[in-house]
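Residues per chain, in single letters:
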Amino acid sequence: MKRLFFLSLLLSLIPSVNAEEICTLTSEVEPDITITLKYTGSAGGIGTLNYKNKPSLGFYVGIWNGYGGQYYTARSYSPELLNEEKTFQERTKNTKEIRTGHFMNFVGNQLGRATSIEERKPGKLRALMPSLANGYYYSIPFTEKGQYGRQKLSKEMKAIIDAAEGFFVDSGGCRKFFPYGWDK
């Protein structure tokens, strides 16, 4: 009886998977564009860039070795990208890299990594990826007759480009992705 009691007590202490493991970043200029990431450790994650809650691109965030700044990688989307049981090579086999670049942390309008402790003010956690719009635009093929492409953008393509030009704000669960941020 004592063993059963201790076993049930022990199992109740094991944390369950919660929403904090999923980060949602929402575009400030195009709310239909979100980035959802599953935390994988060391301020990094794997997920998707979405248009109206449907995946458009595969998306990774991590920390560069050495200097320690953060990066993002956008890839063409495949459901296999999210399968963590496969190797990176297996997950990305049928995808194309669109762009890798800086994932810059902000708190409000202050750059997270460079703002001195004395000057820090509370604010929303925000991310800027300055090369994402350019990389996405040039990944779009030219327009064929009657089809969407670089010369004739669809609503989704235009929304992604507009969103990628601006900030993405933490809409929930993203604190672990902002190692250079500070708490309010």
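None of the values given here were measured: they were computed from a predicted structure.

## Section: the pattern of salt bridges
Moving on, step 1. Under the definition given, this model contains 5 salt bridges.
Moving on, step 2. The salt bridge involving Glu-97 is made with Arg-75; its shortest N-O contact spans 3.8 Å. Of this pair, Glu-97 sits in strand 6 (residues 97-102) while Arg-75 is found in strand 5 (residues 70-76), placing the two residues 22 residues apart along the sequence.

## Some details on the confidence of the model for the chain
Moving on, step 1. Considering every residue of the chain, the mean pLDDT works out to 87; 89% of them sit at 70 or more.
Moving on, step 2. Across the chain, the element-wise mean pLDDT spans from 40 in helix 1 (residues 2-13) up to 98 in strand 10 (residues 167-170).
Moving on, step 3. A low-confidence stretch, residues 1-20 stays under pLDDT 50, and its non-local contacts, those more than four residues away or across chains, total 1 contact.

## Let's talk about the packing of aromatic side chains
Moving on, step 1. Under the criterion given, the structure shown has 7 aromatic pairs.
Moving on, step 2. Between the aromatic rings of Phe-106 and Phe-167, the centroid separation amounts to 5.0 Å while the plane-to-plane angle is 90 degrees, which identifies the pairing as edge-to-face. Here the residue Phe-106 occupies a position in strand 7 (residues 104-107), and Phe-167 occupies one in strand 10, the gap between them amounting to 61 residues.
Moving on, step 3. In this structure Phe-106 comes out as buried when scored by relative accessible area, which is 11%.

## Let's talk about the environment of Arg-120
Moving on, step 1. Secondary-structure assignment places Arg-120 in the loop between strand 8 (110-111) and strand 9 (125-128).
Moving on, step 2. The partly exposed category is assigned to Arg-120, whose relative accessible area is 33%.
Moving on, step 3. With 12 residues separating them in the primary sequence, Arg-120 and Gly-108 have C-alpha atoms 9.8 Å apart.
Moving on, step 4. In this view, Arg-120 contacts Gln-110, Gly-112, Thr-115 and Trp-182; residues no more than four positions away in its chain are not counted.

## Description of the pairing of strand 4 (residues 54-63)
Moving on, step 1. Summarising burial for strand 4: 7 of the 10 residues are buried, a large majority.
Moving on, step 2. In terms of strand pairing, strand 3 (residues 44-51) meets strand 4 through 7 bridges, oriented antiparallel. Paired with Thr-48 across the two strands is Gly-58, which belongs to strand 4.
Moving on, step 3. In this structure, the hairpin formed by strand 3 and strand 4 is closed by a connection of 2 residues, where Lys-52 is found at a positive phi of approximately 50 degrees.
Moving on, step 4. Sheet analysis places strand 4 next to strand 5, joined by 7 bridges and oriented antiparallel. The partner of Gly-58 across the bridge, within strand 5, is Arg-75.

## Quick word on the sheet that holds strand 6
Moving on, step 1. Strand order across the open sheet formed by 10 strands is 6-5-4-3-2-1-10-9-7-8, with antiparallel pairing between neighbours. Of all strands in the sheet, those bounded by a partner on one side alone are strand 6 and strand 8.
Moving on, step 2. Where strand 7 and strand 9 come together, 4 bridges link them in antiparallel fashion. Bridge assignment links Asn-105 to a residue of strand 9, and that residue is Ala-127.

## A closer look at the packing of helix 3 (residues 132-139) against helix 4 (residues 155-164)
Moving on, step 1. Running from N to C, helix 3 and helix 4 cross one another at 155 degrees; their axes reach a closest spacing of 8 Å. Judged on the interaxial angle alone, helix 4 and helix 3 are roughly antiparallel. Here helix 3 runs over helix 4; the crossing is left-handed. When helix 3 is examined against helix 4, the residues Leu-132, Ala-133, Tyr-136 and Tyr-137 are found in contact with a partner set consisting of Met-157, Ile-160, Ile-161 and Ala-164.
Moving on, step 2. Classifying every residue of the contact of helix 3 with helix 4 by side-chain character gives 8 nonpolar, no polar and no charged.

## Points about the state of the cysteines
Moving on, step 1. Taken as a whole and judged by the stated rule, the model has 1 disulfide.
Moving on, step 2. The disulfide partner of Cys-23 is Cys-174, and the S-S distance across this bridge is 1.9 Å. Note on the Cys-23 and Cys-174 pair: the S-S dihedral is about 90 degrees, so by sign convention the disulfide is right-handed. With Cys-23 in strand 1 (residues 22-27) and Cys-174 in the segment after strand 10, this pair connects stretches of sequence that are 151 residues apart.
Moving on, step 3. Accessibility expressed as a relative area gives 0% for Cys-23, which makes it buried.
Moving on, step 4. For Cys-174, a relative accessible area of 1% corresponds to the buried category.

Rules used in this analysis
- Residues numbered from 1 in each chain as written.
- Predicted model: local features only at pLDDT ≥ 70, side-chain atom pairs only at ≥ 80, totals over all residues.
- Heavy atoms only, no water.
- Salt bridge = Lys/Arg side-chain N within 4 Å of Asp/Glu carboxyl O.
- Helix = DSSP H or I, 4+ residues; strand = E, 2+ residues; numbered from the N terminus.
- pLDDT = per-residue confidence, 0-100.
- Contact = heavy atoms within 4.5 Å.
- Phe/Tyr/Trp six-rings, centres within 6.5 Å; stacked < 30°, edge-to-face > 60°.
- Buried < 20%, exposed > 50% of the residue type's maximum accessible area, 1.4 Å probe, protein only.
- Pairing = 2+ DSSP bridges.
- Axes fitted to C-alpha atoms, helices over the stretch in contact; angles between N-to-C directions.
- Parallel < 35°, antiparallel > 145°, perpendicular 65-115°, else oblique.
- Left-handed = near helix turned anticlockwise from the far one by under 90°.
- Nonpolar A, V, L, I, M, F, W, Y, C, P; charged D, E, K, R; others polar.
- Disulfide = S-S within 2.5 Å.

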